Amino acid sequence: LRGKRSGALAHGRRAVELAEGGAEELIAGARALLAYALYLHGDNDEAGAEARAAIERPEATERPHAVIYALACAALVELEQGHAQAAEATARRSLEAARRLGLAAVTAAGLARLALGQVLLESGDVAEAERHLERAEVLRRASRPTLEHIHALLQLARARLARGRLRHRQRDHDPRPCSRL
């Protein structure tokens, strides 16, 4: 997975570079995608900065998928940085934007649900977390394996483990899986 994360990061940086080179209407989306790649790579500070940059772009109001994605990524970063209340508010804002705009069944809404599911899982609301993570997994599916889908599957597995709906196969396996890939 490390190679895929690095590849995603390189592609994200290249997308921003290309968008800034003349496709301004794509900058918010490119920054939102770069933010998620940075989050998966473990660079929370830069991921948060890119998510904020996507949200603050002048064209952001015309790019709802980018805003939903950037808000969800910002929520994941906030959670990683120990700001659970802020993370929950941001994740709910992302999901509400998706619903309000009729985008609750798109991939970006899948990241919003994943973010809210992770927040709820960390706060102990495991049943509600599992519900959101199940929907996130469906929305993040693709015709071939992707990091996004693997991330959703891992978080759904964490919720099911917490609910006792999955068992560990190895006795020496750490029952606290990492929060990202």
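Residues numbered from 1 in each chain as written. Predicted model: local features only at pLDDT ≥ 70, side-chain atom pairs only at ≥ 80, totals over all residues. Heavy atoms only, no water.

**Considerations on the packing of helix α4 (residues 64-80) against helix α5 (residues 84-100)**
Part 1 of the reasoning: The geometry of α4 relative to α5 is characterised by a closest axis approach of 8 Å and an angle of 165° between their N-to-C directions. The orientation of α4 relative to α5 falls into the category roughly antiparallel. Between α4 and α5 the crossing geometry is left-handed. In contact with I68, L71, A72, A74, A75, E78 and L79 of α4, α5 contributes A84, A86, A87, T90, A91, R93, S94, A97 and A98. (Axes fitted to C-alpha atoms, helices over the stretch in contact; angles between N-to-C directions. Helix = DSSP H or I, 4+ residues; strand = E, 2+ residues; numbered from the N terminus. Parallel < 35°, antiparallel > 145°, perpendicular 65-115°, else oblique. Left-handed = near helix turned anticlockwise from the far one by under 90°. Contact = heavy atoms within 4.5 Å.)

**What to know about the nonpolar core**
Part 1 of the reasoning: Counting 48 residues, the largest nonpolar core has Y36, Y39, I68, L76, L111 and L114 as its most contacted members.
Part 2 of the reasoning: Elements that contribute at least two residues to this core include exactly α1 (2-20), α2 (27-41), α3 (44-56), α4, α5, α6 (107-123), α7 (126-139) and α8 (147-162).
Part 3 of the reasoning: It is α2 that contributes the most residues to this core, ten residues altogether.
Part 4 of the reasoning: In this view, I68 contacts S94, A97, A98, L103, A108, A109 and A112; residues no more than four positions away in its chain are not counted. (Core = buried A, V, L, I, M, F, W, Y, C linked by side-chain atoms within 4.5 Å. Buried < 20%, exposed > 50% of the residue type's maximum accessible area, 1.4 Å probe, protein only.)

**What to know about the pattern of salt bridges**
Part 1 of the reasoning: With the rule as written, the count across this model stands at 13 salt bridges.
Part 2 of the reasoning: Linking E130 and R160 is a salt bridge whose minimum nitrogen-to-oxygen distance equals 3.0 Å. Residue E130 is located in helix α7, and its partner R160 is located in helix α8; the two are separated by 30 residues in the primary sequence.
Part 3 of the reasoning: Classification of R160 as partly exposed rests on a relative accessible area of 24%. (Salt bridge = Lys/Arg side-chain N within 4 Å of Asp/Glu carboxyl O.)

**A look at the environment of A30**
Part 1 of the reasoning: One can find A30 in helix α2.
Part 2 of the reasoning: With relative accessibility at 7%, the residue A30 sits in the buried group.
Part 3 of the reasoning: It is 8.0 Å that separates the C-alpha atoms of A30 and A66, two residues lying 36 residues apart in sequence.
Part 4 of the reasoning: Once residues within four sequence positions are removed from consideration, A30 is found in contact with A15, V16 and A19.

**Considerations on the packing of α2 against α4**
Part 1 of the reasoning: For the pair α2 and α4, interaxial distance at closest approach is 9 Å and the crossing angle is 25°. The angle between the axes of α2 and α4 places the two elements in the roughly parallel class. Between α2 and α4 the crossing geometry is left-handed. For the pair α2 and α4, the contacting residues are A28, G29, A32, L33, A35, Y36 and Y39 in the first and A66, Y69, A70, C73, L76, V77 and E80 in the second.
Part 2 of the reasoning: The class makeup of the residues in the contact of α2 with α4 is twelve nonpolar, one polar and one charged. (Nonpolar A, V, L, I, M, F, W, Y, C, P; charged D, E, K, R; others polar.)

**What to know about the packing of aromatic side chains**
Part 1 of the reasoning: Using the criterion set out here, one finds two aromatic pairs in the structure.
Part 2 of the reasoning: Ring geometry for Y36 and Y69: centres 5.8 Å apart, planes at 80°, overall edge-to-face. With a gap of 33 residues between them, Y36 in helix α2 and Y69 in helix α4 connect regions that are remote in the sequence. In terms of burial, Y36 and Y69 fall into one category: buried.
Part 3 of the reasoning: Grouped by ring-pair contacts, the aromatic residues Y36, Y39 and Y69 constitute a single cluster. (Phe/Tyr/Trp six-rings, centres within 6.5 Å; stacked < 30°, edge-to-face > 60°.)

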